[in-house]
Each structure stands twice: as C-alpha cells, then as structure tokens.
Amino acid sequence: MTAPEDSAAHPAAGPAADAAERRRLDQESKDERQVWYFLAYFLFGIHILAFVMIYAVRHAG
C-alpha cells in the first residue's frame with residue numbers, strides 16, 4: 001500500500017525515469033573517476049618537480 005505522498009515525490013516513475021537515473025549515476029561515476037585521475041597525475045607531477053628541484057639545488061655551483 002503506497003501513500004499518495006510517495007507518488008507525488010516521484011511523478012516520473014517508470015522505465016524512462018529508471019534509464020535517466022542510470023545514465024546520471026554512470027556519468028557521476030565517470031566524473032568521480034576523472035577527478036581521482038586528475039588528483040593522481042597532479043600529485044605525481046608535484047613529486048617529479050620536487051625531485052628535479054632537489055637535484056638542481058644539490059648540484060648548483
């Protein structure tokens with residue numbers, strides 16, 4: 001038995017709404033993965049830069 005409020009909260013219930021929700025979740029997962037890749041590349045780049053600067057300071061003059 002469903003309350004009338006439940007049907008009002010989800011007026012577009014059905015296969016089309018399910019497919020749209022699935023696409024939204026897939027896009028959200030893809031976006032989150034891209035953020036993690038960006039963070040990983042950024043941190044890796046910072047370390048490379050730090051090593052190059054350490055090398056330059058130790059071998060200066």
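Residues numbered from 1 in each chain as written. Predicted model: local features only at pLDDT ≥ 70, side-chain atom pairs only at ≥ 80, totals over all residues. Heavy atoms only, no water.

A. Molecular detail of the pattern of salt bridges. Considering all chains together, one arrives at 3 salt bridges under this definition. A salt bridge links Arg22 to Asp26; the nearest nitrogen and oxygen atoms lie 2.9 Å apart. With Arg22 and Asp26 both in helix 2 (residues 15-58) and 4 residues apart, this pair spans about one turn of that helix. Residue classification places Asp26 among the partly exposed residues on the basis of a relative accessible area of 38%. Several salt bridges converge on common partners, so that one network encompasses Glu21, Arg24 and Glu28. (Salt bridge = Lys/Arg side-chain N within 4 Å of Asp/Glu carboxyl O. Helix = DSSP H or I, 4+ residues; strand = E, 2+ residues; numbered from the N terminus. Buried < 20%, exposed > 50% of the residue type's maximum accessible area, 1.4 Å probe, protein only.)

B. Structural detail: the packing of aromatic side chains. Applying the stated criterion to the full structure yields 1 aromatic pair. Ring centres of Phe38 and Phe42 lie 6.4 Å apart, and the angle between their planes is 15 degrees; this geometry places the pair in the stacked category. Taken together, the residues Phe38 and Phe42, both in helix 2 and 4 residues apart, mark about one turn of the helix. (Phe/Tyr/Trp six-rings, centres within 6.5 Å; stacked < 30°, edge-to-face > 60°.)

C. Quick peek at a nonpolar patch on the surface. Taken together, the side chains of Trp36, Phe38, Leu39, Phe42, Leu43 and Ile46 make up a nonpolar region of the molecular surface, amounting to roughly 640 Å² of accessible area. As for its placement among the helices and strands, Leu39 is situated in helix 2. (Patch = residues over 30% accessible without salt bridge, like charges linked within 9 Å, V, L, I, M, F, W, Y side chains within 5 Å. Areas by Shrake-Rupley, 256 points an atom, 1.4 Å probe, with all protein chains shown as cover.)

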